[in-house]
Amino acid sequence: MDIWLVDTGPLVAYLDSGEVEHDRASDALDGFNGVLATTAAVVTEVMYFISGVHDGAIAVSELISQSGMQIYGLCEPADVREAATLMQRYADTPMDFADATLVLLAERLATFDILTLDRRGFNTYRLPSGAPFNPVLDIR
């Protein structure tokens, strides 16, 4: 089964029809039949960015529920330390905590496919093995 990691941007764009990337995000998410996986840090960012949209938080929760999206905490002390180390390594890109947790999740799930609008970041970030990410919107 295909697994896509999901970053903040596509979820916000999907839920907010006023976003420039709304159609691309909608096409990608609606057309995907595999497993969507993200982190609690990404959900936190999405909730923040969608707070100005009427019923935004409810829409986020419904999207997560209806899609069967898997959400991983990655908030144990060792996870936070690993994320901080990654953020320091990629400070010039820069990398935020949500991005760092997605890199950690990619390693744990052994998947490189990511639904993101952050091309600069995820074309730069690497897994500990050195493997690059595969931003799925770039190939659609």
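Attention in this report is confined to the structure presented alongside it. As the structure is a computational prediction, the values presented were derived from the model and not from experiment.

## Looking at the environment of E19
Thinking step 1. Note on placement: E19 falls in the loop between α1 (8-15) and α2 (22-31).
Thinking step 2. Between the C-alpha atoms of E19 and S129, which are 110 residues apart in sequence, the distance is 35 Å.
Thinking step 3. Here E19 is in contact with V12 and A13, once residues within four sequence places are set aside.

## A look at the nonpolar core
Note that soluble globular proteins tend to have their nonpolar side chains buried in a common cluster.
Thinking step 1. If you look at the biggest cluster of nonpolar residues, it comprises 40 residues, and the most contacted ones within it are L5, L11, L115 and F133.
Thinking step 2. No other element matches the seven residues that helix α6 (residues 97-109) contributes to this core.
Thinking step 3. Residues within four places of L11 in sequence aside, it is in contact with V6, L29, V42, V46, L63 and M69.

## Considering the environment of Q70
Thinking step 1. Assignment of secondary structure puts Q70 in strand β3 (residues 70-72).
Thinking step 2. Distance in space between the C-alpha atoms of Q70 and L36 is 6.2 Å, their sequence separation being 34 residues.
Thinking step 3. With residues up to four places along the chain from it excluded, the contact list for Q70 reads V35, L36, A37 and T38.
Thinking step 4. At 2.7 Å, the side chain of Q70 and the side chain of Y72 are in polar contact.

## Considering empty space enclosed by the protein
Thinking step 1. In the structure shown here, the tally under the stated rule is one cavity of 30 Å³ or more.
Thinking step 2. Estimated volume of the largest cavity: approximately 40 Å³.
Thinking step 3. Lining the largest cavity are L11, L15, V43, V46, V60, L63, I64 and M69.
Thinking step 4. For the lining of the largest cavity, the secondary structure elements donating two or more residues are α1, α3 (40-49) and α4 (56-67).
Thinking step 5. If one sorts the elements of the lining of the largest cavity by residue count, α4 sits on top with three residues.
Thinking step 6. Partitioned by chemical class, the residues of the lining of the largest cavity number eight nonpolar, no polar and no charged.

## Here we look at the pattern of salt bridges
Thinking step 1. One pass over the structure, following the stated rule, counts three salt bridges.
Thinking step 2. Note that R108 is salt-bridged to D79, the shortest N-O span being 2.8 Å. Here D79 lies in helix α5 (residues 77-89) and R108 lies in helix α6, a separation of 29 residues in the sequence.
Thinking step 3. Note that E82 and R108 form a salt bridge whose closest N and O atoms lie 3.2 Å from each other. Of this pair, E82 sits in helix α5 while R108 is found in helix α6, placing the two residues 26 residues apart along the sequence.
Thinking step 4. What makes R108 partly exposed here is its relative accessible area of 42%.
Thinking step 5. Three or more residues joined by partner-sharing salt bridges are found here, namely D79, E82 and R108.

Definitions and limits used
Along each chain, residue indices are assigned from 1 in the same order as the chain's sequence is written. Residues qualify for local features only when their pLDDT is at least 70, as the model is predicted, and side-chain atom pairs are given and counted only at 80 or more; totals for whole chains, interfaces and linings, by contrast, use all residues. Heavy atoms throughout the structure, all of them, feed into the side-chain values; hydrogens and water do not. Runs of H or I in DSSP of at least four residues are treated as helices and runs of E of at least two as strands, each being numbered from the N terminus. Any pair of residues with heavy atoms lying within 4.5 Å of one another is described as a contacting pair. To define a nonpolar core, start from buried Ala, Val, Leu, Ile, Met, Phe, Trp, Tyr and Cys residues and group those joined through side-chain atoms within 4.5 Å. Each residue's exposure class comes from its accessible area (1.4 Å probe, protein chains only) as a fraction of the maximum for that residue type: buried when under 20%, exposed when over 50%, partly exposed otherwise. Throughout this description, a polar contact denotes any pair of N or O atoms lying within 3.5 Å of each other; where both atoms belong to protein, one of them has to be capable of donating a hydrogen while the other can accept it, and for residues adjacent in sequence the pair is counted only when both atoms sit in side chains. The way it works is a 1 Å grid over only the protein atoms, where trapped points that fit a 1.4 Å probe form a cavity and open points with protein on both sides within 12 Å along at least five of seven lines form a pocket, and then any residue with an atom within 4 Å of a point lines it. Grid points are joined across faces, edges and corners, and a volume is the space filled by probe spheres set on the points. Nonpolar residues are Ala, Val, Leu, Ile, Met, Phe, Trp, Tyr, Cys and Pro. Charged residues are Asp, Glu, Lys and Arg, and all others, Gly as well, are polar. Whenever Lys or Arg places a side-chain nitrogen within 4 Å of a carboxyl oxygen from Asp or Glu, that contact is recorded as a salt bridge.

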